[in-house]
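Summary of structural features
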Amino acid sequence: MPGISMRYIVDDVDAALEFYTKHLGFSVALHPAPSFAILTRDGFRLLVSGTTGPGGASQAMSDGRKPEPGGWNRIQIEVADLEAEVATLRQAGARFRNEIVQGIGGKQILLEDPAGNPIELFEAPKR
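Residues numbered from 1 in each chain as written. Predicted model: local features only at pLDDT ≥ 70, side-chain atom pairs only at ≥ 80, totals over all residues. Heavy atoms only, no water.

Going by an unreviewed UniProt entry, the chain carries the name VOC family protein and comes from Rhizobium redzepovicii.

Have a look at this one:
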(Lines give C-alpha, C1' and ligand atoms only; values in the text may rest on other atoms or scores of the structure.)
Protein backbone atom coordinates (compact mmCIF):
# COMPACT_ATOMS: atom_id res chain seq x y z
CA MET A 1 0.00 0.00 0.00
CA PRO A 2 2.27 2.83 -1.11
CA GLY A 3 1.17 6.36 -0.36
CA ILE A 4 0.72 8.56 2.66
CA SER A 5 -1.21 7.59 5.76
CA MET A 6 -1.78 9.14 9.17
CA ARG A 7 -1.81 7.10 12.36
CA TYR A 8 -3.97 7.84 15.38
CA ILE A 9 -3.43 6.06 18.66
CA VAL A 10 -6.83 5.17 20.16
CA ASP A 11 -8.11 3.63 23.39
CA ASP A 12 -10.62 1.40 21.60
CA VAL A 13 -10.21 0.44 17.93
CA ASP A 14 -13.82 -0.75 17.59
CA ALA A 15 -15.15 2.55 18.97
CA ALA A 16 -12.92 4.43 16.53
CA LEU A 17 -14.18 2.32 13.59
CA GLU A 18 -17.79 3.02 14.52
CA PHE A 19 -17.15 6.76 14.96
CA TYR A 20 -15.24 7.32 11.72
CA THR A 21 -17.55 5.19 9.57
CA LYS A 22 -20.85 6.36 11.08
CA HIS A 23 -20.11 10.07 11.46
CA LEU A 24 -17.33 10.98 9.02
CA GLY A 25 -17.85 8.81 5.94
CA PHE A 26 -14.78 6.56 6.25
CA SER A 27 -14.76 2.92 5.12
CA VAL A 28 -12.92 0.06 6.79
CA ALA A 29 -10.26 -1.14 4.36
CA LEU A 30 -8.59 -3.63 6.71
CA HIS A 31 -9.13 -4.81 10.30
CA PRO A 32 -6.67 -7.68 10.74
CA ALA A 33 -6.41 -7.53 14.55
CA PRO A 34 -8.39 -6.11 17.49
CA SER A 35 -5.68 -3.49 18.03
CA PHE A 36 -5.31 -2.24 14.44
CA ALA A 37 -7.38 -1.12 11.44
CA ILE A 38 -7.04 0.93 8.27
CA LEU A 39 -9.81 3.35 7.33
CA THR A 40 -10.08 5.15 3.99
CA ARG A 41 -11.88 8.19 2.64
CA ASP A 42 -11.28 9.96 -0.67
CA GLY A 43 -7.87 8.31 -1.14
CA PHE A 44 -6.73 9.13 2.40
CA ARG A 45 -5.71 6.33 4.76
CA LEU A 46 -6.17 6.62 8.51
CA LEU A 47 -4.42 3.95 10.55
CA VAL A 48 -5.95 3.41 13.99
CA SER A 49 -3.81 1.58 16.52
CA GLY A 50 -4.71 0.59 20.06
CA THR A 51 -2.59 1.50 23.07
CA THR A 52 -1.84 -2.19 23.63
CA GLY A 53 -1.13 -5.06 21.31
CA PRO A 54 1.70 -6.66 19.41
CA GLY A 55 2.22 -3.88 16.85
CA GLY A 56 4.99 -1.32 16.91
CA ALA A 57 2.64 1.66 17.34
CA SER A 58 1.86 0.75 20.96
CA GLN A 59 5.42 0.04 22.06
CA ALA A 60 7.16 2.24 24.63
CA MET A 61 9.97 4.52 23.47
CA SER A 62 13.51 4.01 24.74
CA ASP A 63 12.96 6.78 27.32
CA GLY A 64 9.84 5.05 28.66
CA ARG A 65 7.20 7.28 27.05
CA LYS A 66 4.20 5.41 25.64
CA PRO A 67 2.12 6.47 22.64
CA GLU A 68 -1.23 7.89 23.74
CA PRO A 69 -4.29 9.51 22.16
CA GLY A 70 -4.87 13.23 22.06
CA GLY A 71 -2.36 15.86 21.02
CA TRP A 72 -3.01 18.64 18.53
CA ASN A 73 -1.87 17.32 15.15
CA ARG A 74 -4.98 16.52 13.18
CA ILE A 75 -6.61 15.59 9.94
CA GLN A 76 -8.81 18.16 8.25
CA ILE A 77 -12.10 17.28 6.60
CA GLU A 78 -13.71 19.93 4.43
CA VAL A 79 -17.48 20.22 4.70
CA ALA A 80 -19.96 22.31 2.70
CA ASP A 81 -22.02 23.55 5.68
CA LEU A 82 -20.09 23.58 8.95
CA GLU A 83 -22.99 24.69 11.14
CA ALA A 84 -25.23 21.88 9.86
CA GLU A 85 -22.46 19.30 10.25
CA VAL A 86 -21.76 20.42 13.82
CA ALA A 87 -25.47 20.34 14.70
CA THR A 88 -25.78 16.78 13.37
CA LEU A 89 -22.69 15.63 15.27
CA ARG A 90 -23.79 17.34 18.51
CA GLN A 91 -27.18 15.61 18.18
CA ALA A 92 -25.27 12.30 17.94
CA GLY A 93 -23.36 13.11 21.15
CA ALA A 94 -20.02 14.07 19.58
CA ARG A 95 -17.51 16.08 21.62
CA PHE A 96 -15.81 19.26 20.45
CA ARG A 97 -12.75 21.06 21.83
CA ASN A 98 -14.03 24.49 20.88
CA GLU A 99 -16.80 26.38 19.15
CA ILE A 100 -16.75 27.34 15.47
CA VAL A 101 -14.07 29.96 14.80
CA GLN A 102 -13.82 32.21 11.75
CA GLY A 103 -10.36 32.78 10.29
CA ILE A 104 -9.06 34.40 7.14
CA GLY A 105 -9.18 31.06 5.31
CA GLY A 106 -12.61 29.93 6.43
CA LYS A 107 -14.42 28.49 9.44
CA GLN A 108 -13.32 25.54 11.55
CA ILE A 109 -14.03 23.55 14.69
CA LEU A 110 -12.15 20.73 16.41
CA LEU A 111 -14.15 17.52 16.81
CA GLU A 112 -12.76 14.75 19.06
CA ASP A 113 -12.90 11.05 18.25
CA PRO A 114 -13.75 8.65 21.12
CA ALA A 115 -10.07 8.58 22.21
CA GLY A 116 -9.69 12.37 22.20
CA ASN A 117 -7.84 12.71 18.88
CA PRO A 118 -8.77 15.93 17.08
CA ILE A 119 -10.40 16.16 13.66
CA GLU A 120 -10.66 19.63 12.14
CA LEU A 121 -13.91 20.22 10.31
CA PHE A 122 -13.37 23.07 7.88
CA GLU A 123 -15.63 25.17 5.66
CA ALA A 124 -13.94 27.23 2.94
CA PRO A 125 -15.23 30.76 2.30
CA LYS A 126 -18.12 31.01 -0.14
CA ARG A 127 -16.97 32.47 -3.46
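There is more to say after this.
Next up on the list: the overall build of the chain. Along its length, the chain carries 2 helices and 9 strands. The C-alpha radius of gyration of the chain comes to 15 Å, within 12% of the 14 Å expected for a compact globule of 127 residues. Over its C-alpha atoms, taken along the principal directions, the chain stretches across nearly 45 × 30 × 30 Å. The buried share of the chain, reckoned over its 127 residues, is 37%. Counted over contacts in the chain with a minimum sequence separation of 6, partners at least 24 positions apart contribute 49%. Carbon and sulfur atoms make up 52% of the accessible area of the chain, which amounts to about 7400 Å² in all. (Helix = DSSP H or I, 4+ residues; strand = E, 2+ residues; numbered from the N terminus. Rg over C-alpha atoms; globule rule 2.2 N^0.38 Å. Buried < 20%, exposed > 50% of the residue type's maximum accessible area, 1.4 Å probe, protein only. Contact = heavy atoms within 4.5 Å. Areas by Shrake-Rupley, 256 points an atom, 1.4 Å probe, with all protein chains shown as cover.)

On to the environment of A60. Relative to the helices and strands, A60 resides in the loop between β4 (44-50) and β5 (75-78). Overall, the relative accessible area of 45% leaves A60 in the partly exposed class. Separated by 50 residues in the primary sequence, A60 and L110 place their C-alpha atoms 28 Å from one another. Leave out the neighbours within four places in its chain, and A60 touches R65 and K66.

A few words now on the pairing of strand β2 (residues 27-33). Where β2 meets strand β3 (residues 36-41), 4 bridges bridge the pair, whose relative direction is antiparallel. Note that in β3 the partner of V28 across the bridge is L39. (Pairing = 2+ DSSP bridges.)

Turning our attention to the sheet that holds β2. On the basis of which strands lie adjacent, the open sheet formed by 4 strands has the order β1-β4-β3-β2 and mixed pairing. Here the strands that pair on one side only, and so sit at the sheet edges, are β1 (5-10) and β2. When strand polarity is set aside, the average angle formed by the axes of neighbouring strands in this sheet is 20°. The pairing of β3 with β4 spans 6 bridges and is classified as antiparallel. What sits directly across from T40, in β4, is R45. (Axes fitted to C-alpha atoms, helices over the stretch in contact; angles between N-to-C directions.)

Here we come to the nonpolar core. Within the largest apolar cluster, 26 residues are counted, with the highest numbers of intra-cluster contacts made by Y20, L24, V48, L111, I119 and L121. Sorting the residues of this core by element identifies β1, α1 (13-24), β3, β4, β5, α2 (82-91), β8 (106-112) and β9 (118-123) as the ones contributing at least two each. Tallying contributions element by element places α1 first for this core, with 6 residues. The contact partners of L121, leaving out residues within four places of it in the chain, are L24, I77, L82, E85, L89, F96, K107, Q108, I109 and L111. (Core = buried A, V, L, I, M, F, W, Y, C linked by side-chain atoms within 4.5 Å.)

Let us now look at the UniProt feature "coiled-coil region" (unreviewed entry) in the chain. Cross-referencing UniProt, the feature "coiled-coil region" (unreviewed entry) maps to residues 72-99 in the present numbering. This span, residues 72-99, is 36% helix and 21% strand, and a straight line between its end C-alpha atoms measures 16 Å. (UniProt positions renumbered as here; feature names shortened; annotations may be inferred.)

Counted under the stated rule, the structure contains 3 aromatic pairs. Between F19 and Y20, the aromatic rings sit 5.3 Å apart at their centres with planes inclined by 90°, giving edge-to-face as the arrangement. With 6.5 Å between their ring centres and 70° between their planes, F26 and F44 make a pair best called edge-to-face. Pair noted here: F26 is in the loop between α1 and β2 and F44 is in strand β4, with a separation of 18 residues, a long-range link. (Phe/Tyr/Trp six-rings, centres within 6.5 Å; stacked < 30°, edge-to-face > 60°.)

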